[in-house]
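Given next are the chains, with one letter for each unit.
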Amino acid sequence: MSTVVESHDHGHHGPAKGLSRWLFTTNHKDIGTLYLWFSFIMLFIGGAMAMVIRAELFQPGLQIVQPEFFNQMTTNHGLIMVFGVIMPAFVGLANWMLPMQIGAPDMALPRLNNLSFWLLPMAFGILISTLFMPEGGPNFGWTFYAPLSTTYAPSTVNFFIFSVHIMGVSSILGSINIITTIFNMRAPGMTLMKMPLFVWSWLITAYLLIAVMPVLAGVVTMMLMDINFGTSFFNAAGGGDPVLFQHVFWFFGHPEVYIMILPAFGIVSHIIETFSRKPIFGYSSMVYAMASIAILSFVVWAHHMFTVGMPLAGELFFMYSTMLIAIPTGVKVFNWVATMFRGSITFETPMLFSIAFVALFTIGGFSGLMLAIVPADFQYHDTYFVVAHFHYVLVPGALFGIIAAAYYWLPKWTGNMYDETLGKLHFWLTFISVNVTFFPMHFVGLAGMPRRYPDYALQFADFNALISVGAFMFGLTQLLFLFIVIKTIRSGKQAKPEVWEGAGDLGLEWTLSSPPPYHSFTVQPQVK
Amino acid sequence: MAYIRKVFTGFILVLPLIFSSLIFSESSDYNMPIGVTDVSESIFGLHMLIFWICVVIGVIVFSIMFWSLWKYRKSKGAVAADFDDNFWLEIGWTVAATLVLVWMAVPSTQVMVEAYDDAEGEINILITGHQWKWHYEYLEDEVGFFSNLSTSQEQIDGEVPKGEFYLREVDEPLVIPTNTRVRFLITGNDVIHSWWVPDFAVKQDAIPGFINTAWTNVPEPGIFRGACTELCGIKHAFMPVVVRAVEREEFDAFIAEKVALAEEERMLTSKVWTKDELMARGESFYATNCAACHQANGQGIPPVFPSLVGSQITMFDSNKHIEILMEGVQGSAMAAFGESYSEVDIASVITYTRQAWSNGEKGDGVIVTPQDIVAYKNRIDL
Ligand code: HEM
Ligand SMILES: [Cu+2]
């Protein structure tokens, strides 16, 4: 009898063999793995583009690439990092962790899950292929302002539009799946206000995605019509309005920047409570803070457009609403610090990345607050000061959150501990190089260097050389990360189910074996 | 190890402070410029106020954080407490954050109102962003000119040493009078550009189909350098802004001279031009206005910028040639040059491109005169 059951188990519940395992998989862990590897590969492609940019900017003058190609590099670097690295990495983490954190066997809609992943390589295949076409790829910045991206764009912009559509479909399908899973598959007893913060952060993020991805699809469709069907949404000569583009884009774009940070808030909260050995401070205010950040993010979009010539009342409204976002953001930072206060703290690699997250993300928040001050923004806008701001929130912010998550959960995923010494080395090299790269950008920006410039005046030369050195160091260091991840997958000390001391009480994922079974919870656990 | 940690923590806490106070001192080259106008000074003050508020908050939060990390480390035997909220503390810091924001918002609003004053200026200047140069027009006197980057391509390519004002110099700066309210009306001709002079704290987008306004009042004579700050295509980094502020008398003389030049230009249109005169004028016009895209050798960068060498239009179709220069090509970077340049310039550059690169020998070699352009304009006006 028991042997029969065993072989039945094997036939249906183990992964398929070979390539078809990955192509046709409907398993949340396999799909999570696919997302994470996709994002990792994209990190190196987008990173290589950043290296081209920094090599050209190492010295004043045009040495390595011409402005035309430089613009393609800045544009594709931005697009790939936003849509190809940060977003897929968070979706990958959601796939792996949500079912395990809420006590479910898998995601609610597994086939849809497969589709939302496999759309992504298509979208980015199309996008990257444009770089090899005679007219070159998109060259109008990741914000693709019309009419530079319509009337004046290379004809490959049509591929770009198609690719953005596919990415949008992928994100929307993924979000539907996540919302459905969270609402329907929680273990008995797990009320909303008992959900782990990572689950909360993704629930809110998924709603943001569903709300704004259609807006992005709308704006690229309007572009498509302007370019190919003679409409004039954004063409002033035909009675259209180029500023309309920016309003629609940023109505998508500002919630988008929170899509890129909210899941990191969730991750960092878990890591800090684990290594402080103390429950997160102010759980419910954490949830309310994320929700209010998400709601406020719909009414601040024009802070990206303070110089387009809005009326005074408009400028003031968007200044005040943007400043308001600093309150819930500040509350989150205070809560993290209060969690560390009177804890019993150890400094494993995920904790180091999370501490750096809190410190450096806060610096990004400060520069955000400065940028919100309209009159001052007249001086900061479109300079390297803005580049510094958003890299502080996105690299030591979002990306550190992702790296911290990888170290935190890798032992759970693979059953092997990573090499702590190498992990710490990776942290310190990354921490130093990230600051050498992005901190001086504040100064060159204040001194007057505009962004998206392939060449610059002589007074900016010293800092630019320093920035480039930092950037190369940062780029190289991430190869070490790749090495550590591969090493952990192949070998390493056997990880216990709870992995981290005392983590067993912190979440359902730590009650499963390491690595966990192929179908996470076949019997739903009871949450008290 | 503990010792190293202590030193390191101290280092992390103190370094940014020392660093930033050095860099953010008023005389630093790496801070926002104070500028020369009342508005730019107010904005600088606001920037420093907000900056220091952030520094103070940062020092408080980070001190507590690093102190906790150090004090409550497990290796020292710290045992975790198990509180996880504190109602009054949470209310307290929310209220405190709100108050600090109000403290920031009040002066910000005041400076904003000051900067946004939209009254007419004594002098009104229409600034038009083109790919990739600025056009300035004095509305009261109906005279205008283009302002092009004057740094040589050899400097950019590193063939000769770079000059002091590398990429921050133009052939003809905008001239404005001191102690006068000058209003800028800013628009774009093709894509969106943005006109920025840090010393005036003026940054306004130049958007096709819109006219934005900004103003300044410069107390002292001087030369002020700025840049285009909205990505506008290949030469975005190569269209600087240079403004020369001069005393009122000098400004009036400058305008008088411009008016006289414009008159002379109108005379030139009626004069009879020889082929050589047109060629000479056309060649230099080509170098400043066309070579950026179509290249000095006329071969362009196909398919984006078509070659002019041996093309059907440059060899055999002078009417189409005139039309393209006058109207531009919709949907491409080719601007309607006829709107911004004189008949003489247009005629001479057409004549030049129809002769150069052996177009003349192989094609019909038609010479286009300023009168032909006038005739074209009259036809269109009908
Ligand atoms: C306290 C919170 C924040 C405030 C007050 C804030 C404010 C601003 C403002 C005013 C700008 C426009 C600056 C300009 O173009 O002149 C800006 C740009 C930007 N911010 Fe933030 N920000 C905050 C947090 C974030 C976060 C969390 C992210 C992403 C994770 C983010 C990502 C960006 C990006 C990507 C841009 C530049 C977009 C572009 O023009 O390419 N910001 N921020
Ligand atoms: Cu924003």
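Just so you know, the residues in each chain are numbered from 1, in the order the chain's sequence is written. Starting at A for chains and at 1 for ligands, labels are handed out in the order in which the entities are written. Thresholds applied to this predicted model are a pLDDT of at least 70 for local features of residues and 80 or more for the giving and counting of side-chain atom pairs; totals over whole chains, interfaces and linings are not thresholded and use all residues. Side-chain measures were taken over the full set of non-hydrogen atoms in the model, leaving aside hydrogen atoms and water.

Here we come to the sheet that holds strand β5 (residues 182-188) of chain B. Residues and elements named next belong to chain B. Two strands qualify as a pair provided that DSSP identifies no fewer than 2 bridges between them. Strands here are runs of E lasting at least two residues and helices are runs of H or I lasting at least four, both read from the DSSP assignment and numbered beginning at the N terminus. Judged by pairing direction, the sheet is mixed, and its five strands sit side by side in the order β3-β2-β1-β5-β8 without closing on themselves. This sheet does not close on itself; its edge strands, each paired only once, are β3 (143-147) and β8 (212-216). Within this sheet the neighbouring strands show an average axis-to-axis angle of 25 degrees, counted without direction. Only C-alpha atoms enter the line fits that serve as axes; for helices the fit covers just the stretch in contact. Angles between N-to-C directions range over 0 to 180 degrees.

Moving on to the packing of aromatic side chains. Here the aromatic set is Phe, Tyr and Trp, taking the six-membered ring for Trp, and pairing holds for ring centres within 6.5 Å; pairs whose planes are under 30 degrees apart are stacked, those over 60 apart are edge-to-face, and all others are tilted. According to the stated counting rule, one finds 72 aromatic pairs over all chains in the structure shown. Ring centres 4.9 Å apart and planes at 85 degrees place the aromatic pair A:Phe249 and A:Trp250 in the edge-to-face group. Residue class for A:Trp250 comes out buried when judged on its relative accessible area of 6%. Of note, B:Lys203 hangs over the ring of B:Trp196, and the distance from its end group to the ring centre comes to 4.0 Å. Buried residues are those whose accessible area, probed at 1.4 Å on protein chains only, stays under 20% of the maximum for their type, while exposed residues exceed 50% and partly exposed ones sit between those limits. Any Lys NZ or Arg CZ that is within 6 Å of a ring centre and within 35 degrees of that ring's normal is treated as a charge sitting over the ring.

Our focus in this paragraph is helix α9 (residues 262-276) of chain A. Residues and elements named next belong to chain A. Given a rise of 1.5 Å per residue, 15 residues ought to cover 21 Å, and the 21 Å separating the end C-alpha atoms of α9 matches this to within 8%. Across the 15 residues of α9, 15 count as buried, placing the element largely inside the fold. In the stretch just after α9, Arg277 is the one whose phi turns positive, near 55 degrees. For a helix, the expected span equals 1.5 Å multiplied by the number of residues minus one.

Let's shift gears to the interface of chain A and chain B. We call two residues contacting when some pair of their heavy atoms lies within 4.5 Å. At the junction of the two partners, chain A supplies 95 residues and chain B supplies 90 residues. Between Lys or Arg on one side and Asp or Glu on the other, a salt bridge is scored when a side-chain nitrogen of the former is within 4 Å of a carboxyl oxygen of the latter. The interface formed by chain A and chain B holds one salt bridge in total. Here A:Glu501 makes a salt bridge to B:Lys74, at a shortest N to O gap of 3.3 Å. We define a polar contact as two N or O atoms separated by no more than 3.5 Å, with the added condition that, inside protein, one atom must be a possible hydrogen donor and the other a possible acceptor, whereas residues neighbouring each other in sequence contribute only through side-chain atom pairs. Taken together, chain A and chain B are joined by 24 residue pairs in polar contact (both at pLDDT 80 or more). At the level of elements, α4 (67-102), α8 (242-259), α10 (283-296), α11 (312-340), α12 (349-372), α13 (374-380) and α15 (420-446) of chain A are the ones that each hand at least two residues to the side of chain A that touches chain B. Residue contributions to the side of chain A that touches chain B peak at 15 residues, all from α11(A).

Residues and elements named next belong to chain A. Coordinating N, O and S atoms are those within 2.8 Å of the metal (3.2 Å for Na, K and Ca), and as water is not part of the atoms, a site may appear to have fewer donors than expected. Protein-derived ligands of the copper ion (ligand 2) are His254 (ND1), His303 (NE2) and His304 (NE2), with the metal-ligand distances lying across 1.8 to 2.1 Å. Every donor residue of the copper ion (ligand 2) comes from the same chain, spaced as H-x48-H-H. Between the copper ion (ligand 2) and the iron atom of ligand 1, a separation of 4.5 Å is found. Of this pair, His254 sits in helix α8 while His304 sits in the loop between α10 and α11, and the two are 50 residues apart along the sequence.

The protein supplies the iron atom of ligand 1 with one donor atom, A:His389 (NE2), which lies at 2.2 Å. Its place among the elements puts A:His389 in helix α14 (residues 384-414).

So, about the environment of A:Ser468. Residues and elements named next belong to chain A. Among the secondary structure elements, Ser468 is positioned in helix α16 (residues 461-490). You can call Ser468 buried: its relative accessible area is 0%. There is a polar contact of 2.7 Å between the side chain of Ser468 and the backbone oxygen of Arg54.

Residues and elements named next belong to chain A. Proximity is defined per residue: any heavy atom of the residue falling within 4 Å of a molecule or strand makes that residue near it. Of all residues adjacent to ligand 1, which total 23 residues, the nearest are Trp142, Asp377, His381, His389 and Arg451. Arg451 has a polar side-chain atom sitting 2.8 Å from an oxygen atom of ligand 1. For the shell around ligand 1, the secondary structure elements donating two or more residues are α8, α12 and α14. For the shell around ligand 1, the leading source of residues is α12, giving six residues. Any residue that is not Ala, Val, Leu, Ile, Met, Phe, Trp, Tyr, Cys, Pro, Asp, Glu, Lys or Arg is counted as polar, Gly included; the first ten are nonpolar and the last four charged. Residues of the shell around ligand 1, tallied by class, amount to 13 nonpolar, eight polar and two charged.

This brings us to the pairing of β3(B). Residue and element names in this part refer to chain B. Burial runs high along β3: four of the five residues are buried. In this structure, strand β2 (residues 133-138) lies alongside β3, joined through five bridges in antiparallel fashion. Among the inter-strand pairings, Trp134 is bridged to a residue of β3, identified as Ser147. In textbook terms, the turn of a hairpin is the stretch between consecutive antiparallel strands, and for β2 and β3 this stretch comprises four residues, one of which, Glu142, has a positive phi near 55 degrees.

On to the pattern of salt bridges, then. Under the definition given, this model contains 13 salt bridges over all chains. Two residues, A:Glu501 and A:Arg277, come together in a salt bridge whose shortest N-O distance is 2.5 Å. Of the two residues, A:Glu501 is situated in the segment after α16 and A:Arg277 in the loop between α9 and α10; the sequence distance between them amounts to 224 residues. A relative accessible area of 43% means that A:Glu501 is categorised as partly exposed. A network of salt bridges, in which partner residues are shared, links A:Arg277, A:Glu501 and B:Lys74.

Residue and element names in this part refer to chain A. Nonpolar side chains collect at one region of the surface, where Phe183, Leu192, Met193, Tyr207 and Tyr288 lie side by side and expose about 500 Å² of accessible area between them. As for its position among the elements, Met193 is in the loop between α6 (157-184) and α7 (197-228). In this structure Met193 comes out as partly exposed when scored by relative accessible area, which is 35%. In this analysis, a patch consists of residues with relative accessible area above 30% that form no salt bridge, clustered at 9 Å for like charges and at 5 Å for the nonpolar side chains Val, Leu, Ile, Met, Phe, Trp and Tyr. The method behind every accessible area is Shrake-Rupley, applied with a 1.4 Å probe, and residues are considered shielded solely by the protein chains displayed.

All names here are of chain B. Residues Glu120, Glu140, Asp141 and Glu142 make up a contiguous surface patch of negative charge. Position of Glu142 relative to the elements: it lies in the loop between β2 and β3. Taking relative accessible area as the criterion, Glu142 reaches 67% and is therefore assigned exposed. Just so you know, the count uses Lys and Arg for positive and Asp and Glu for negative, and it drops His and the chain ends. Just so you know, the charge point we use is NZ for Lys, CZ for Arg, CG for Asp and CD for Glu.

Turning our eyes to something else, we now look at the pairing of strand β7 (residues 202-206) of chain B. Residue and element names in this part refer to chain B. Most of β7 sits out of view: five of its five residues are buried. Of the two faces of β7, the one carrying Val202, Gln204 and Ala206 and the one carrying Lys203 and Asp205 are both buried. Sheet topology note: the strand β6 (residues 193-197)/β7 ladder contains five bridges and is antiparallel. Counted as the bridge partner of His193 is Ala206 from β7. If you look at the hairpin formed by β6 and β7, you'll find four residues sitting between the two strands, and Ala201 has a positive phi there, around 55 degrees.

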